[in-house]
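Close look at the chain arrangement
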Number of protein chains: 2
Amino acid sequence: MRTLDDIDREILRLLAADARRPYSEIAEAVDRSPPTVSERIDRLQELGVVRRFTVDIDRSLLDTGTPILLDVEVKPAEVESVRAALAESDRVEHVFVTADARVVAQVYVPDGGVRTFLAENVPFDAVREYDVSLLSESDWTPRVGEAELALTCAECGNTVTAEGESLRVDGERYHFCCPSCLDRFESTYERLSGGA
Amino acid sequence: MRTLDDIDREILRLLAADARRPYSEIAEAVDRSPPTVSERIDRLQELGVVRRFTVDIDRSLLDTGTPILLDVEVKPAEVESVRAALAESDRVEHVFVTADARVVAQVYVPDGGVRTFLAENVPFDAVREYDVSLLSESDWTPRVGEAELALTCAECGNTVTAEGESLRVDGERYHFCCPSCLDRFESTYERLSGGA
DNA sequence: GATGAAATTAGTTCAAG
DNA sequence: CTTGAACTAATTTCATC
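Residues numbered from 1 in each chain as written. Chains lettered and ligands numbered in written order. Predicted model: local features only at pLDDT ≥ 70, side-chain atom pairs only at ≥ 80, totals over all residues. Heavy atoms only, no water.

Turning our eyes to something else, we now look at the interface of chain A and chain B. Opposite the 63 residues of chain A that make contact, chain B presents 63 residues. Between chain A and chain B the total buried area reaches about 6200 Å² when both faces are included, carbon and sulfur atoms providing 51% of it. When the shortest N-O distance is used, the salt bridge between D56 of chain B and R52 of chain A registers 4.0 Å. Summed over the shared surface of chain A and chain B, the number is 30 residue pairs in polar contact (both at pLDDT 80 or more). Along the lines of polarity and charge, the residues of the side of chain A that touches chain B split into 32 nonpolar, 13 polar and 18 charged. Across seven bridges, the pairing between strand β1 (residues 50-57) of chain A and strand β1 (residues 50-57) of chain B is antiparallel. The residue of β1 of chain B that forms the bridge with D56 of chain A is R52 of chain B. (Contact = heavy atoms within 4.5 Å. Buried area = accessible area lost by both parts, 1.4 Å probe. Salt bridge = Lys/Arg side-chain N within 4 Å of Asp/Glu carboxyl O. Polar contact = N/O pair within 3.5 Å; in protein donor to acceptor, adjacent residues only side chain to side chain. Nonpolar A, V, L, I, M, F, W, Y, C, P; charged D, E, K, R; others polar. Pairing = 2+ DSSP bridges. Helix = DSSP H or I, 4+ residues; strand = E, 2+ residues; numbered from the N terminus.)

Let's shift gears to the protein's contact with DNA strand D. The environment of DNA strand D is made up of R2, R32, S33, P35, T36, E39 and R40 of chain A together with P22, Y23, P35 and S38 of chain B. R32 of chain A has a polar side-chain atom sitting 2.9 Å from a phosphate oxygen of DNA strand D. Between a phosphate oxygen of DNA strand D and a side-chain N or O atom of S38 of chain B, the distance comes to 2.6 Å. Secondary-structure elements contributing two or more residues to the surface near DNA strand D are α3 (34-47) of chain A together with α3 (34-47) of chain B. Split by residue class, the surface near DNA strand D holds four nonpolar, three polar and four charged. (Near = heavy atom within 4 Å.)

Near DNA strand C the following residues occur: P22, Y23, P35 and S38 of chain A together with R2, R32, S33, P35, T36 and R40 of chain B. Protein-proximal atoms of DNA strand C, defined as those within 4 Å of the protein, fall in sugar or phosphate at a share of 88%. Take T36 of chain B: an N or O atom from its side chain is 2.6 Å from a phosphate oxygen of DNA strand C. Measuring from a phosphate oxygen of DNA strand C, one finds a side-chain N or O atom of R40 of chain B at 2.9 Å. Going through the elements one at a time, α3 of chain A together with α3 of chain B are the ones with two or more residues in the surface near DNA strand C. Residue composition of the surface near DNA strand C, grouped by class: four nonpolar, three polar and three charged.

As a general point, the strands of a sheet are linked pairwise by backbone hydrogen bonds and lie either parallel or antiparallel. Taken together, the eight strands give a closed barrel; going around it, the order is β2(A)-β4(A)-β3(A)-β5(B)-β2(B)-β4(B)-β3(B)-β5(A), and neighbouring strands pair in antiparallel fashion. In this sheet, adjacent strand axes meet at a mean angle of 35° when their direction is disregarded. Strand direction decides the pairing type here: strand β2 (residues 66-74) of chain A and strand β5 (residues 127-140) of chain A, joined by seven bridges, are antiparallel. Along β5 of chain A, the bridge assignment pairs L69 of chain A with S133 of chain A. Against the sheet, helix α4 (residues 79-88) of chain B contacts β5 of chain A together with β2 (66-74), β3 (92-98) and β4 (102-109) of chain B, and its axis sits at roughly 165° relative to β3 of chain B. (Axes fitted to C-alpha atoms, helices over the stretch in contact; angles between N-to-C directions.)

Take the relation of the copies chain A and chain B next. After a rotation of 180° and a shift along the axis of 0.1 Å, chain A superposes on chain B with an RMSD of 0.2 Å. The transformation just described matches what one would write down for a two-fold rotation axis. In terms of proximity to the rotation axis, the leading residue of chain A is T54 of chain A, whose C-alpha is 2.7 Å off the axis. Looking at chain A, 100% of its interface residues are interface residues in chain B too, so the copies touch through the same face. (Least-squares fit on C-alpha atoms with pLDDT ≥ 70 in both.)

Moving on: unusual backbone geometry. Residue and element names in this part refer to chain B. The backbone phi angle of D31 is positive, close to 60°, even though this residue is not glycine. Along the chain, D31 falls in the loop between α2 (23-30) and α3. The exposure class assigned to D31 is exposed, which follows from its relative accessible area of 62%. Not every positive phi belongs to a glycine, and A101 is a case in point at roughly 60°. Within the fold, A101 resides in the loop between β3 and β4. (Buried < 20%, exposed > 50% of the residue type's maximum accessible area, 1.4 Å probe, protein only.)

The subject of this paragraph is the side chain of R83 of chain B. Relative to the helices and strands, R83 of chain B resides in helix α4. Once residues lying within four places of it in the same chain are set aside, the contact partners of R83 of chain B are E137 and D139 of chain A together with V95, V97 and V103 of chain B.

Let's shift gears to the nonpolar core. With 66 residues, the main nonpolar core has I11 of chain A together with I11 of chain B as its most contacted residues. With residues up to four places along the chain from it excluded, the contact list for I11 of chain B reads I26, V30, V37, R40, I41 and L44 of chain B. (Core = buried A, V, L, I, M, F, W, Y, C linked by side-chain atoms within 4.5 Å.)

Another aspect to go through is the pattern of salt bridges. Residues and elements named next belong to chain A. In the structure shown here, the tally under the stated rule is 32 salt bridges over all chains. Taking the shortest distance from any N to any O, the salt bridge between R102 and D71 comes out at 2.8 Å. Of the two residues, R102 is situated in strand β4 (residues 102-109) and D71 in strand β2; the sequence distance between them amounts to 31 residues. Through salt bridges with shared partners, one network takes in D5, D8, R40 and R43.

Shown next, in the form of structure tokens:
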């Protein structure tokens with residue numbers, strides 16, 4: 001398995017700035033041919049580095065409620081359910097989970113107000129406290145920087161280097177640091193799914 | 001000028017979920033022809049509702065530093081300079097400005113740590129206090145919802161309705177609630193640029 | 001505003017190095 | 001890991017409604 005090189009990073013940067021520029025233009029910028037660019041972009045998607053192609057929408061031009069930053073202090077066991085519940089909502093664009101069990105979300109609050117929004121969207125018992133800040137502006141700029149690929153072995157948790165391998169099972173990608181981990185993972189998997 | 005209709009919203013939703021689907025597919029979904037879809041997307045870009053086509057990158061797979069949520073309390077007069085300084089940084093992906101003069105940013109902190117990052121990126125005098133939370137997860141989902149176009153008249157500040165008009169000057173878009181405001185804006189503009 | 005047909009432009013496949 | 005050439009697919013233009 002290869003890690004990311006400068007060409008991948010440059011492609012990511014160019015796509016982040018404008019995902020519609022023709023591959024011929026990207027190809028010229030990275031001094032490769034269009035088929036190479038095409039293949040590398042496929043690989044970036046396959047690796048999950050590129051999650052999706054999308055549009056950045058200026059919601060300040062859209063009348064979709066009042067933008068707030070909602071900071072919810074949750075019971076540690078409920079962090080994931082609260083994150084999922086918020087991420088699910090039509091009114092929520094960003095969700096951040098902090099190490100100290102807070103879930104921070106950018107929410108476009110409907111007319112009913114924050115309390116109603118919370119009551120309807122978040123498991124009542126999970127919330128300890130919450131805090132609301134009115135937002136006056138928000139920016140999003142996708143960045144790539146000097147990023148190196150940082151994958152974790154699905155079997156042993158080590159960092160996956162260039163020697164690693166990867167495997168796709170049931171639409172999920174798994175990465176491994178070495179053939180042994182891949183093998184072990186595969187047998188465990190087969191045992192489990194065989195028994196099911 | 002038209003406002004957004006259901007077809008525009010559906011197009012936005014489809015693009016947000018996958019900006020690469022062919023126009024023929026979008027066309028079928030909204031029961032129009034590909035040229036119509038093309039034209040409407042152009043218009044959404046022209047209006048500034050679609051800021052750009054981009055890729056959603058999974059930065060957790062990229063080794064670009066420790067993700068934190070940085071919450072900076074700033075002197076009110078410095079809010080804009082701090083926002084701009086942060087948005088400028090290669091390490092910052094999101095910046096939110098709250099109504100009570102806090103600037104909240106998602107930062108991928110380099111090895112030097114937060115203090116160094118702040119010292120190098122934010123005007124020293126502007127910061128009153130700051131607070132850091134380690135992030136364990138972050139989601140982004142572009143949403144459209146039931147959005148209506150909410151433009152503000154560049155001359156009088158009223159809401160721009162379907163009767164409004166718009167004008168492009170020096171690469172900037174301006175919207176107006178009525179022809180009088182457009183006229184007045186134009187004369188003011190010509191007077192100012194004539195004198196320069 | 002919308003369209004079908006034509007023209008243009010972009011993307012992918014493939015055999016080969 | 002890359003490419004040029006051939007092929008396939010997508011987008012835009014335009015005359016017309």
